[in-house]
Amino acid sequence: MEKMNKLKVLRTKDADFEEEFKKILFRREEVSAEIEKLVKDILRDVKKRGDQALFEYTEKFDQTKLDSVSAVVSGEEIEKAYDKVSKQEIDALRLAAARIEKFHQKKINQITIKGEKGEYLAEIVSPLNKVGLYVPGGKAAYPSSVLMSAIPARVAGVKEIVMVSPTVSPHVLAAAKIAGVSHIYRIGGAQAIAALTYGTESIEGVDKIVGPGNIYVETAKRLVYGEVGLDMVAGPSEVVVIADNSGVPSFAAADLLAQAEHDEDARPILITLTEYFLQEAYKEIISQLGDLARKGIAERSIEKQGAIILACDINEATELANRIAPEHLVLMVDKPDKALKKINCAGAVFLGNYTPVTVGDYMAGPSHILPTAGTARFFSPLGVEDFVKRMSVISFSKESLKDIENEVRRLALLEGFDAHAKAVEKRTKF
């Protein structure tokens, strides 16, 4: 492994490559026993004491004193916030909302199978009744996250969309109004997850919680899973750019830095096929860093989590990308469509030189709430499917039941369930 001024460089031909690459693969944000205990205590306390505990933790962690009235963002406050946002920004939010809605407005397939002898099988798809949206606050405001989570829920037919956020900026409230959010509460952290899960005097519990948060929020989500539905457990932002000499080094550097500026734990990785691109992209990263408003954050991300990998060919590059299973994958290669066929583990894939991750973050249409930390191996981007549930419907006539009676009874007896077998036999002999 080579260490350039700010970035580590790995070459797949190096003897220690696999050892160094595994350090990238397993660079996950670990939850300390201390954090886990704190979050468990918060969850237990809010479940037991409701509003009282909720507001105590809000004052302790967010330095905000609330009660059952001030915790609620009123309709009047939302309208005032909307009016404060410039027309150009409202137009941009509305255009993004329209594109997101258009992408997600699709019919969810309902399965129906009818047999000749009266057998009928179906799957009924229906929306969840109430969902909770967690919108991060703190370092920045995220109106885009409101649109990306609330609009798929509304398209799915969810009746009540409840939003919680530790900070509610005018832009976040304007996005909530455009997206059709039902209720907004100015609470955040693990205590907000507890309130959405168990309900308090002021906040009713929901069926599912979606949206990313910090390590306390994500730990709380993981701990309440099963009592409430979840989208995924998210981590810091990440991007992998695969580039050959048809790529533009300044574009690759810009995409890497766009993720690095999120958080110092964000993970920007370039996989390139040539020494020339490696050197040129590195120069661009250093040059562009100097112009960033969030230079300090981006620089720490690059130094702590960033890497450039020199691969032998596109097959090796895509294999490495699949092992990383990144949140964002940019294919800045000569034939991106062909390379895409080799990819099976990524949250979102961006093809060619003129598809920056930024367009997916704000305007393309698919949700930017994506699996991170390698979980794209089994999680999917947030979509309409996350806001519906499926219910099986099964109907047999006596004749159709007789057709499979022996096999059903045989399998029941194989597992030692005599009563199961008799429940079939009683009907066919009736």
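Relevant structure appears above.
Quick caveat, the model's predicted, so the values are computed rather than measured. (Residues numbered from 1 in each chain as written. Predicted model: local features only at pLDDT ≥ 70, side-chain atom pairs only at ≥ 80, totals over all residues. Heavy atoms only, no water.)

Participant: I keep staring at the pairing of strand β10 (residues 238-243) and nothing clicks. Help me out?
Facilitator: Successive residues of a regular strand alternate their side chains across the two faces of the sheet. Of all the six residues making up β10, six are buried; the element is thus mostly covered by neighbouring parts of the structure. Alternating residues of β10 divide into Glu238, Val240 and Ile242 and Val239, Val241 and Ala243, and every residue in both groups is buried. As judged from the six bridges shared by β10 and strand β11 (residues 267-272), these two strands associate in the parallel manner. What sits directly across from Val239, in β11, is Pro268. Summarising the sheet, β10 and strand β13 (residues 328-332) pair through five bridges and their orientation is parallel. Bridging from a neighbouring strand, Ile242 pairs with Leu331 of β13. (Buried < 20%, exposed > 50% of the residue type's maximum accessible area, 1.4 Å probe, protein only. Helix = DSSP H or I, 4+ residues; strand = E, 2+ residues; numbered from the N terminus. Pairing = 2+ DSSP bridges.)

Participant: So what exactly am I meant to see when it comes to the sheet that holds strand β9 (residues 229-230) here?
Facilitator: Paired through their backbone hydrogen bonds, the strands of a sheet run either parallel or antiparallel. Across the sheet, which stays open at both edges, the five strands sit in the order β7-β6-β5-β8-β9 with parallel pairing between neighbours. Each edge of the sheet is formed by a strand with only one pairing partner; in this case those strands are β7 (183-185) and β9. Across two bridges, the pairing between strand β8 (residues 208-210) and β9 is parallel. For Ile209, the partnering residue across the bridge sits in β9 and is Leu230.

Participant: Honestly, the nonpolar core in this entry has me stumped. Any pointers?
Facilitator: With 43 residues, the main nonpolar core has Leu147, Met163, Val181 and Ile184 as its most contacted residues. With residues near it in sequence (within four places) discarded, Ile184 still touches Ala71, Val72, Val73, Ile78, Met163, Val168, Leu173 and Ala176. (Core = buried A, V, L, I, M, F, W, Y, C linked by side-chain atoms within 4.5 Å. Contact = heavy atoms within 4.5 Å.)

Participant: Explain the packing of helix α8 (residues 189-198) against helix α9 (residues 215-224) here, please?
Facilitator: Relative to each other, α8 and α9 sit at 30°, their axes nearing to 7 Å. Between α8 and α9, the interaxial angle falls into the category roughly parallel. Considering the relative orientation of α8 and α9, their crossing is right-handed. Across the interface between the two elements, Gly189, Ala190, Ile193, Thr197 and Tyr198 from α8 touch Tyr216, Val217, Ala220, Lys221 and Val224 from α9. Among the residues making up the contact of α8 with α9, the classes are represented as seven nonpolar, two polar and one charged. (Axes fitted to C-alpha atoms, helices over the stretch in contact; angles between N-to-C directions. Parallel < 35°, antiparallel > 145°, perpendicular 65-115°, else oblique. Left-handed = near helix turned anticlockwise from the far one by under 90°. Nonpolar A, V, L, I, M, F, W, Y, C, P; charged D, E, K, R; others polar.)

Participant: Would you explain the environment of Val210 in this entry?
Facilitator: Within the secondary structure, Val210 sits in strand β8. Residue Val210 is classed as buried on the basis of its relative accessible area, which comes to 0%. With near-sequence residues (within four places) excluded, Val210 lies in contact with Gly132, Leu133, Tyr134, Ser149, Asp231, Leu382 and Phe387.

Participant: So what exactly am I meant to see when it comes to the packing of helix α5 (residues 87-104) against helix α6 (residues 143-156) here?
Facilitator: The relative placement of two packed helices is expressed as an angle between their axes plus a distance between the axes. For the pair α5 and α6, interaxial distance at closest approach is 9 Å and the crossing angle is 35°. Of the two elements, α5 crosses α6, and the hand of that crossing is right-handed. Of α6, the residues touching α5 (which contributes Leu93, Ala96, Ala97, Ile100, Glu101 and His104) are Pro143, Leu147, Met148, Ile151, Pro152, Arg154 and Val155. Residue composition of the contact of α5 with α6, by class: 10 nonpolar, one polar and two charged.

Participant: For this particular structure, what's the right way to read the pattern of salt bridges?
Facilitator: Scanning the entire structure with this criterion turns up 29 salt bridges. One salt bridge connects Asp265 with Lys304, and the closest N-O pair in it is separated by 3.0 Å. Of this pair, Asp265 sits in the loop between α10 (249-260) and β11 while Lys304 sits in helix α12 (residues 295-305), and the two are 39 residues apart along the sequence. With relative accessibility at 26%, the residue Asp265 sits in the partly exposed group. Note that Glu425 is salt-bridged to Arg409, the shortest N-O span being 3.6 Å. Of this pair, Glu425 sits in helix α17 (residues 418-428) while Arg409 is found in helix α16 (residues 398-414), placing the two residues 16 residues apart along the sequence. (Salt bridge = Lys/Arg side-chain N within 4 Å of Asp/Glu carboxyl O.)

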